[in-house]
Amino acid sequence: MAGQKNMSLRRTFLGHPGGVYLIAAVEVWERFSFYGMRGLLVLFLIAPATQGGFGWGEGQALRFYGAYIGLAYAAPIIGGYLADHHLGPRRALFWGAMLMCAGHFLMTGPVLFPWLIGQLHGVPLHALLHSSPDLAMGALATTGEVAARLAAMARTAGVSASALGAAYLSASYSFYLAVGLIVLGTGFFKPSTYAALGRLYAGDDPHRENGVFLYQIAVNLGAMFSALIAGTLGEKYGWHYGFSAAGVGMVIGALIYNWKQNAYLGRIPHMPPARAHRARHGRRADLSPAERRRLLTIAVMGIFSGLYWLAAEQSGGSINIYAAQHTDRAVLGFEIPATWFQSLNPFFIVVLTPPAMIVWLRLGRRVNQAQKFGIGFVLTAVGFGLMVGAFFEGLYAVDGRSAALWLVGAYLFVTLGELCINSVGLNFVNTYAPLRMVGIVLSFWFLCTAVANYGSGLVGSLTQSVPDGAVFGGIAFGCLCAAALLFIMSKSFSSWLEAPDGGVK
């Protein structure tokens, strides 16, 4: 029996350990849930109350979106530390999945809890809350203008003002609690998946980078179908249906993980890596000069990775709103839901990742990570240049709308940029970070992304005060500047990673 178990742990398919495919299968559903909610969030927040939304202004919604995505990538600082020192990556994965399941289903709270309170009072309070186009949802206290509007609505409908206020607050608090649980769960889940993935390969395994590419294919399969399924349900039938679909996806991912983790991840011990290192060596190990230099290099590349995501996350914010409000989405009498454009990035990732794997494998060390990042920023700049073209076409169009092909091209080039930056960067961290610190180093990487994602909301909100074309053009120019810096850095990049005390870990 033990021999059979060891064989199951060593089994490979196409040169990759079986655990890679388990993590990928779980990640398909986790990303289905995350991107399903992400694609709907801004549209839900800006939809008027009469359409079931929160009735926020675009600027407020984009800032909240940036804060949410930013916190989702900042939370791994806590989750990564706990995984390294107390939980271990496998337990952290489990608890992260549980928290996200709870959060995604609680996103139905703005509908469910007002309905339940209405049932207790025999009044359709949820319908009443969404009967006024001037009421903005989401306040944490029924004071001021909100209190006045609720009181007027209660008098007109002949219902209890306190019951209506309770229904309003239940919608607000359940929404923020749901978002908080998703953020916290992501903090445990995200660094642990990458840390577990890295521990399935030897440090010099040439398949390691392509393993990350396979993982990214899984991520984007989930993201692609989430836009088509959760996005369609949310836009066409009701926001809570879309959020519920995201919750179902997370439950499926959690069940798959709990079913097969012992069979395919058994080589990864439950003991946290930092504790295991202390048990072997009797003390906390100091960093060697080579490790310090590699960590500094990772920090620099993490900052550039964050800058990429500042640009790319416009897809869920300002570009998402542009698709909904300024793009001609009619095809043969059918209007394409704006959320469907969110599936273009994952679709291109799935289609283009195999050729990208072949290209990077053949180029090998002839192109270093800084050069790959530089190429990625140039391609991303082209994508935002196309968005500038879309803006000018809409500016002179009779109906003020531009062709959808502009967005297709923009998503294509931003995705090509991602293929040069995201998987390459994550593999870089897994390769050069000290094994006992992978979780916390990945957390720093995600922290850079978190700051950038919050910045993406602030940058996107500029479209309320300056033309969209100016914002998109500014992002394109910034990407070209980043590319220039990376190409300059690339000349000395390899020497930063050379280690007189033994080379790559």
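Residues numbered from 1 in each chain as written. Predicted model: local features only at pLDDT ≥ 70, side-chain atom pairs only at ≥ 80, totals over all residues. Heavy atoms only, no water.

### Some words on the overall build of the protein chain
So, step 1. What the protein chain contains, in helices and strands, is 19 helices and six strands.
So, step 2. Here the protein chain holds 505 residues, and the buried ones make up 56% of them.
So, step 3. Entry remark: accessible area of the protein chain is about 20500 Å², with carbon and sulfur atoms responsible for 68%. (Helix = DSSP H or I, 4+ residues; strand = E, 2+ residues; numbered from the N terminus. Buried < 20%, exposed > 50% of the residue type's maximum accessible area, 1.4 Å probe, protein only. Areas by Shrake-Rupley, 256 points an atom, 1.4 Å probe, with all protein chains shown as cover.)

### Quick word on the nonpolar core
So, step 1. Core analysis: the largest hydrophobic core is formed by 104 residues, its most contacted members being Leu45, Tyr68, Phe175, Ile298 and Phe377.
So, step 2. For phenylalanine 377, the contacting residues outside a window of four places in its chain are Phe304, Leu307, Tyr308, Ile421, Cys479, Ala482, Ala483 and Leu486. (Core = buried A, V, L, I, M, F, W, Y, C linked by side-chain atoms within 4.5 Å. Contact = heavy atoms within 4.5 Å.)

### Things to note about the packing of aromatic side chains
So, step 1. Evaluation of the coordinates by the stated rule reveals 21 aromatic pairs.
So, step 2. A centroid spacing of 5.5 Å and a plane angle of 90 degrees characterise the contact between phenylalanine 44 and phenylalanine 243, whose relative ring orientation is edge-to-face. Of the two residues, phenylalanine 44 sits in helix H2 (residues 18–46) while phenylalanine 243 sits in helix H11 (residues 239–264), which places them 199 residues apart along the sequence.
So, step 3. Among the residues examined, phenylalanine 243 registers a relative accessible area of 2% and is labelled buried.
So, step 4. Ring centres of phenylalanine 94 and tryptophan 95 lie 5.1 Å apart, and the angle between their planes is 75 degrees; on these two criteria the pair is classed as edge-to-face.
So, step 5. In this structure tryptophan 95 comes out as partly exposed when scored by relative accessible area, which is 45%.
So, step 6. Taken together through their ring pairs, the aromatic side chains of Phe44, Phe54, Trp56, Phe64, Phe175, Tyr176, Trp239 and Phe243 make up a single cluster. (Phe/Tyr/Trp six-rings, centres within 6.5 Å; stacked < 30°, edge-to-face > 60°.)

### Section: the packing of helix H13 (residues 289–312) against helix H17 (residues 404–432)
So, step 1. At their nearest, the axes of H13 and H17 sit 10 Å apart, and the two run at 155 degrees to each other. Compared by their axis directions, H13 and H17 come out roughly antiparallel. The way H13 lies across H17 gives a crossing that is left-handed. Two secondary-structure elements touch here, H13 through Arg294, Thr297, Ile298, Met301, Ser305, Tyr308, Trp309 and Ala312 and H17 through Val414, Gly417, Glu418, Ile421, Asn422, Phe428, Val429 and Tyr432. (Axes fitted to C-alpha atoms, helices over the stretch in contact; angles between N-to-C directions. Parallel < 35°, antiparallel > 145°, perpendicular 65-115°, else oblique. Left-handed = near helix turned anticlockwise from the far one by under 90°.)

### Quick look at a nonpolar patch on the surface
So, step 1. Where nonpolar side chains cluster on the molecular surface, the patch consists of Ile375, Val378, Val382, Leu480 and Phe487 and spans about 360 Å² of accessible area.
So, step 2. Counting residues per element, the ones that place at least two in the nonpolar patch are helix H16 (369–396) and helix H19 (468–497).
So, step 3. Counting residues per element, the nonpolar patch draws most heavily on H16, which supplies three residues.
So, step 4. Looking at the secondary structure, you find phenylalanine 487 in helix H19. (Patch = residues over 30% accessible without salt bridge, like charges linked within 9 Å, V, L, I, M, F, W, Y side chains within 5 Å. Salt bridge = Lys/Arg side-chain N within 4 Å of Asp/Glu carboxyl O.)

### Some details on the confidence of the model for the protein chain
So, step 1. On average, residues of the protein chain carry a pLDDT of 79, and 84% of them reach 70 or more.
So, step 2. Within the protein chain, the lowest mean pLDDT, 40, falls on helix H1 (residues 2–10), and the highest, 89, falls on H16.
So, step 3. Low pLDDT, under 50, characterises residues 1–11; the stretch is placed with twelve contacts to residues that sit more than four places away or in other chains.
So, step 4. Predicted confidence is poor over residues 499–505, with pLDDT under 50, and the contacts of this stretch with residues over four places away or in other chains come to 20 contacts. (pLDDT = per-residue confidence, 0-100.)

### Examining the packing of helix H15 (residues 344–363) against H17
When two helices pack together, their arrangement is given by the angle between the helix axes and the distance between those axes.
So, step 1. Viewed as axis vectors pointing N to C, H15 and H17 meet at an angle of 45 degrees, and their least axial separation amounts to 9 Å. Our classification of the angle between H15 and H17 gives oblique. In this structure, H15 crosses over H17, and the sense of that crossing is right-handed. Contact residues: Leu344, Asn345, Phe348, Ile349, Leu352, Thr353, Ala356 and Trp360 in H15; Leu407, Val408, Tyr411, Leu412, Thr415, Leu416, Glu418, Leu419, Cys420 and Val424 in H17.
So, step 2. A per-class count over the contact of H15 with H17 returns 14 nonpolar, three polar and one charged. (Nonpolar A, V, L, I, M, F, W, Y, C, P; charged D, E, K, R; others polar.)

### Quick word on the side chain of serine 402
So, step 1. Mapping serine 402 onto the fold places it in strand E6 (residues 402–403).
So, step 2. Polar contacts involving the side chain of serine 402 include one to the side chain of tyrosine 322, which spans 3.2 Å.
So, step 3. Ignoring anything within four residues of it in the chain, the contact list for serine 402 reads Tyr322, His326, Thr327, Asp328, Ala390, Glu393 and Gly394. (Polar contact = N/O pair within 3.5 Å; in protein donor to acceptor, adjacent residues only side chain to side chain.)

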